[in-house]
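# Structural overview
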Amino acid sequence: MRADLLPRIAFLARCHGLLIVLALISTGCKTDKGSDDPTVLGVPPGEAYLGVEYYYNFGAYGGERLLDFSLTNAPSWLALEDTSNKARPGIIVRGVPGLSGGNRGDADLGKIENINLITTDGERAGVQPFDIEVKRNPLSLDADTFTEGQSAQTPEAGETRCEAPELDETGSHRYHINLYDDEGAVTGTELRTTDTNPVLVRVLLEQPSVTRVAVAFELSSDFDPNSCDEGFDPEHQRCEEGDANRDDAIIGKDIVALGSDSEGELPVPDYLDYQQDENGVYSKGVVTLEPGITECYIRLEVVDETVPEPSESLQIALTEVRNGLAALGPSDSGVRTTLVVDDNEPRVRLETVSGRQRDALTVGTKRQFEAVLSGEREGSIRARLGESEDSVAKAGDYYIQVLNDAGEWEDNDIIEFPAETDRVRFRVRIPDADEYSNIGMDDRFLLLGVDQTYQAGREGFAGFAEDGELRININELSAPLVLNETDDFVPTDIALGHEGRLYVTGYNDAANDQVLVRIFDQKGELLQEVTVSDGATVLNEPQPVIHYTRRQVTQGSTRVDRFEIVVAYAAEADMPGQPAHGGLDVVTSLYWFDSAAAEGSEYSPVWTLRTGTSADDIPRWVGINDDSGFVAVAGETNGRWAGESRAGGIDSFLQRIDTDTDGDDLVPKLAWTRQVGSGQDETVVAGSAVNASPYLFGASSGAVAGQSSAGATDAFFYNASAADSNITVYQRGTDGGEVLTDGLYGLSNIWLLGNSNRRYSIDESGDDDNVLLGEPVAGNNGFVLGYSVSGHVNYAFSYADPSRTGKDNLLTLQAFDNDLVVAGATTGAFAEDAVDGGIQQPVIARISPGETVTSEADNPDAWDLWRVQPKIDGARIEALANYRDDEIVTLLRESVGGSIEWKIVLFSAEGKRLN
């Protein structure tokens, strides 16, 4: 940039002004400088820091002589290194804000604008303007989480870093601990001398200072020994170890700056000076950063005490700059960071004997469980068991027992892990029904863990592992619930609902097969009987199905829970207000729970809809969508639904029913029906209303909707919606016969249950898709196949076993605690301890989808969690329900002396029969 700064330059400009104007006009206002014009190159940094050298080397070119340089409007701390007789084109500007130019300190803070560096060869000149804002040089702190018994890693060396303190050697510290009696009262104190482990807090200076910077530091904590839990006076465990102090580290007990016995034993770096507080504890000091250093270290010591405790926190602060120009943070208002100390005591996890953490016990029964210890320790260690604060069952509702030296079980809530023993058995005993009290609808449950309130501050106890609780549901239905004990009720389906309500639908065989829903509580008491069909209407084994859901709906401006059940069944005769279409029709009834009902809380009818063709239409599954509340019905038809085509034989159908408003009334509206089939008969086994487009699951011996038939019987599934009448069917199987009996959509897959004479595996070698393989085996064996919604086979599991000759008949499938439960019957030895006797007995099993089976070798053990075969001859399980992931509810059909008994039998998450 040119500047007419000298008289001679100004004179030349006046003499040649006209020529310049003419030249600019002729060249389009060309402003290129001549090669001889002095020009300054570069723009210096716009920021400077107190106590930090500011330096910039300008370049320059042009001029006919050596260039001279000068500064105008510059701060006092900034100067040129030299201003004349340059042997090269360029100049250095240098300074230290706060120090050079008069040691003005903070007075040099702020922004200086329009500083000019001017260069001239004596006749012509160039200028470079620039601004500089002077800021503070802030200090900050940084630290990792500390763990008792672990020393910090030595940081890498660097030119701008202090030499790291000694971290290879442990220190030592003396302190007193409180002693407590069983009630938590302080009975005295004892002196402890404990190893300490060195850890580091990094002190960071944003820019390297030209002078030494010394800053004071101090540890602090929110711990208050006089802050006690409500109702407790000082000199009690609930003060030092109470709620207010539980997460706060104690300086002098959990952590120190320098251990009382480390002084003179651990080498202290020259840049660290430790100081004692009023209690004689080294908890503060001064750290000094030499010129040019931007990272230094405060070495602290974590006390490796032997008390179980949660992660605890404290603070470290930089309190005062004792030397140098540095700031306590960007605004010089202070620097503080939180330090976290994790405990290193061994930890206890409570489990079932099988290694899981859910089970159930019936009142008056007992069962063994395991406490599992992890982590390093010396000698024996103890743990006191107790309920967590979220446990519904409290002390007195259960008894914990341990084995004494004589090998006898005795009431004791303290378990001990001898040296080298990491697993210890204990037993939980639930009182008899006459001693046990529960006025609630739901079962109570015990969340059993470590009694951390008792153990807090006590040496020799183990801590509690994260997610280490054992959940034990307490079942009060101690005997099977016989559903047809007083009449000819024939149950056909079950569901579980709010507050543990069990919905059993079926029909009364002695009263025109009237469809009913009987609602029981968890104690087996009948709460309500819903008469679904009119008692005067004659039905013929209508086989009703049921579904429950809880939906969030808006009433006024409030979001509330709505509890709904829907029942679907087949009817041929005319019904009041529901004339027949011809053959068997689908009758669907929706009910909502009314907590303000005149006769107490009960389910009330919302609407009933009868749909059908001129032939037979039989519902096999019904569901309610949780979001919009539409009802979906899946079933079989040998007719033709309106707007649909009949494929031949028995087709599948899937329909959606919406709830509309008609004035003050709620009415059903058939949104659509889709009909899919082959030239053969289709069997529909289940469906899903989880998504906006409901699903149907079935089996066929034909080619469904143009798909390819793989074997004698294949599985198929599809979903449908109002927006798309073109349905994509996925027909899957092997060259055998996959006889489907149930299905569900959940756990990120479509799961299909059935029986076949194949042992399944998956071939993943293809480029396009996995291939389901089926090796022929003897007998009839249950299987579970998992598919993606686009028809890709992901999982294959079968119960085929060459050593068995019996026939499995798995009938029902249920999701349970991220696993799957299957049930049905067998005439062989399904479970390990069963006899292959040819007599039908019920079976139930739990599988956990794991790795895909890709060979004909045994199925992964991780899948097969447990199998149970109750010794009930002539019985089978026909339906399953899931109670809170706590209990598996089964509908059992048993042949007793020529008659049929229908029962509700419960199993725990571990497959233990509960009633």
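One numbering rule holds for all chains: residues counted from 1, following each sequence as written. This being a predicted model, a pLDDT of at least 70 is required before a residue's local features are given, and a value of 80 or more before pairs of side-chain atoms are given or counted; all residues contribute to the totals for chains, interfaces and linings. In computing side-chain properties, one takes all heavy atoms of the structure into account and sets aside hydrogens as well as water.

### Brief notes about the overall build of the protein
Note the threshold: In DSSP terms, a helix is any run of H or I states spanning at least four residues, a strand is any run of E spanning at least two, and both are numbered starting from the N terminus. In this treatment the radius of gyration is a C-alpha quantity, and the globule benchmark scales as 2.2 Å times the residue count to the 0.38 power. Only protein chains enter the area calculation, which uses a 1.4 Å probe; residues under 20% of their type maximum are buried, those over 50% are exposed, and those in between are partly exposed. Contacts: residue pairs with any heavy atoms within 4.5 Å of one another.
Looking only at helices and strands, the protein has 4 helices and 58 strands in total. The globule rule puts the C-alpha radius of gyration for 915 residues at 29 Å, and the 41 Å found for the protein is more than 25% above it. Its C-alpha atoms give the protein principal-axis dimensions of about 125 × 95 × 60 Å. Relative to its full complement of 915 residues, the protein shows a buried share of 50%. Contacts in the protein between residues far apart in sequence, at least 24 positions, make up 64% of those at least 6 positions apart.

### Things to note about the packing of aromatic side chains
Note the cut-off: Only Phe, Tyr and Trp rings take part, Trp by its six-membered ring, and two of them pair if their centres are within 6.5 Å. Stacked means planes under 30 degrees apart, edge-to-face means over 60, and tilted covers everything else. Charges are assigned to positions over rings by a cutoff of 6 Å between ring centre and Lys NZ or Arg CZ, combined with an angular limit of 35 degrees from the ring normal.
Applying the stated criterion to the full structure yields 21 aromatic pairs. Through a chain of ring-to-ring contacts, three or more aromatic side chains come together here, namely W751, Y795, F797, Y799, F830 and W863. One cation-aromatic arrangement involves R384 over Y454; the distance from NZ or CZ to the ring centre is 4.0 Å. The side chain of R429 reaches across the aromatic face of Y399, ending 4.5 Å from its centre.

### Describing the pairing of strand β11 (residues 171-180)
Looking down a regular strand, the side chains alternate between one sheet face and the other. Worth spelling out the cut-off: Any two strands are treated as partners once DSSP identifies two or more bridges connecting them.
Within β11, 7 of the 10 residues are buried, which leaves the element mostly enclosed by the surrounding structure. Judged from the 10 bridges that link them, β11 and strand β12 (residues 186-205) form a sheet pairing that is antiparallel. By the bridge assignment, Y180 is partnered in β12 with V186. Where β11 folds back onto β12 in an antiparallel hairpin, the turn is made up of 5 residues, including G184, whose phi is positive at roughly 95 degrees.

### Looking at the confidence of the model for the protein
Worth spelling out the cut-off: Per-residue confidence from the predictor is reported as pLDDT, which spans 0 to 100.
In the predicted model, the protein carries a mean pLDDT of 90, and the fraction of residues at 70 or more is 93%. Note that pLDDT drops below 50 for residues 1-34; the model gives that stretch 24 contacts with residues more than four away or on any other chain.

### Points about the pattern of salt bridges
To keep it simple, the criterion reads: A carboxyl oxygen of Asp or Glu within 4 Å of a side-chain nitrogen of Lys or Arg is what we treat as a salt bridge.
Using the criterion set out here, one finds 51 salt bridges in the structure. A salt bridge links E351 to R349; its shortest N-O distance comes to 2.7 Å. The buried category is assigned to E351, whose relative accessible area is 9%. One salt bridge connects E529 with R518, and the closest N-O pair in it is separated by 2.6 Å. Taken as a pair, E529 in strand β35 (residues 526-531) and R518 in strand β34 (residues 514-520) lie far apart in primary sequence, 11 residues in all. We classify E529 as partly exposed; its relative accessible area is 38%.

### Quick notes on the state of the cysteines
Here is the rule: Disulfide: a pair of cysteine sulfur atoms within 2.5 Å of each other.
By the definition in use, this model includes 2 disulfides. Across the disulfide, C162 is cross-linked to C296 (sulfur-sulfur distance 1.9 Å). Disulfide C162 to C296: torsion about the S-S bond roughly -105 degrees, handedness left-handed. Placement of the pair is C162 in the loop between β10 (146-147) and β11 and C296 in strand β17 (residues 295-303), with a sequence separation of 134 residues. Relative accessible area serves as the criterion here: at 10%, C162 is assigned to the buried category. With a relative accessible area of 0%, C296 lands in the buried category.

### Some words on the side chain of Q514
As for its placement among the helices and strands, Q514 is situated in strand β34. The contacts of Q514, once residues within four sequence positions are left out, are G506, Y507, N508, T531, S533, D534 and G535.

### Looking at the environment of V566
Tracing the backbone shows V566 in strand β37 (residues 558-571). Along the primary structure V566 and A632 are separated by 66 residues, whereas in three dimensions their C-alpha atoms are 9.7 Å apart. The contact partners of V566, leaving out residues within four places of it in the chain, are V545, I546, H547, T588, S589, L590, V622, G623, I624 and V631.

### Quick look at the nonpolar core
Counted only if it meets this: Put simply, a nonpolar core is a bunch of buried Ala, Val, Leu, Ile, Met, Phe, Trp, Tyr and Cys residues held in one set by side-chain atoms that sit within 4.5 Å of each other.
Counting 38 residues, the largest nonpolar core has F146, V287, I298, L300, I316 and L318 as the members making the most contacts within it. Looking at this core, the elements that each hand over two or more residues are β9 (139-142), β12, β13 (213-220), β15 (272-276), β16 (282-289), β17, β18 (312-323) and β19 (335-342). Excluding residues that lie within four positions of it along the chain, L318 makes contacts with L139, S140, L141, V203, V215, A216, F217, L328 and V335. Counting 29 residues, the second largest nonpolar core, distinct from the first, contains F369, L373, A393 and I430.

### Some details on the sheet that holds strand β25 (residues 409-411)
Across the sheet, 6 strands lie side by side as β25-β24-β27-β22-β20-β29; this open sheet has mixed pairing. The open sheet has two edge strands with one neighbour each: β25 and β29 (463-464).

### Focus on the pairing of strand β58 (residues 899-908)
Burial of β58 is extensive: 7 of the 10 residues sit out of reach of the surface. In this structure, strand β31 (residues 481-482) lies alongside β58, joined through 2 bridges in antiparallel fashion. Looking across to β58, one finds that L481 is bridged to I904. Hairpin connection between strand β57 (residues 887-896) and β58: a loop of 2 residues separates the two successive antiparallel strands, and G897 in this loop has a positive phi of roughly 55 degrees.

### Here's the deal with the sheet that holds β34
The criterion, for reference: Helix axes are fitted to C-alpha atoms over the stretch in contact, other axes to C-alpha atoms as well, and angles between N-to-C directions run from 0 to 180 degrees.
Ordered in space as β32-β33-β34-β35, the 4 strands form an open sheet in which the pairing is antiparallel. If you trace the sheet from one side to the other, it starts and ends with β32 (489-496) and β35, each paired once. In this sheet, neighbouring strand axes are inclined to one another by 25 degrees on average, regardless of whether the strands run parallel or antiparallel.

### Let's talk about the side chain of E301
For the record, the criterion: Under the counting rule used here, the positive set is Lys and Arg, the negative set is Asp and Glu, and His together with the chain ends is not counted.
Residue position: E301 is located in strand β17. In this structure E301 is buried but unpaired, with R299 as the nearest side chain of opposite charge at 5.1 Å.

### A few points about the environment of G355
In this structure, G355 sits in the loop between β20 (347-351) and β21 (358-362). Separated by 210 residues in the primary sequence, G355 and T145 have C-alpha atoms spaced 31 Å apart.

### So, unusual backbone geometry
Backbone geometry at N512 places phi at a positive 60 degrees, although glycine is not the residue there. Mapped onto the elements of the fold, N512 is located in the loop between β33 (502-508) and β34. With relative accessibility at 33%, the residue N512 sits in the partly exposed group. Phi angles above zero are rare outside glycine, and S748 is one such case at about 65 degrees. Examined against the element boundaries, S748 turns out to sit in the loop between β48 (739-746) and β49 (749-763).

### Concerning the environment of G766
Tracing the backbone through its elements, the reader meets G766 in the loop between β49 and β50 (771-787). Among the residues examined, G766 registers a relative accessible area of 42% and is labelled partly exposed. Spatially, the C-alpha atoms of G766 and Q731 are 19 Å apart, while their sequence positions differ by 35 residues.

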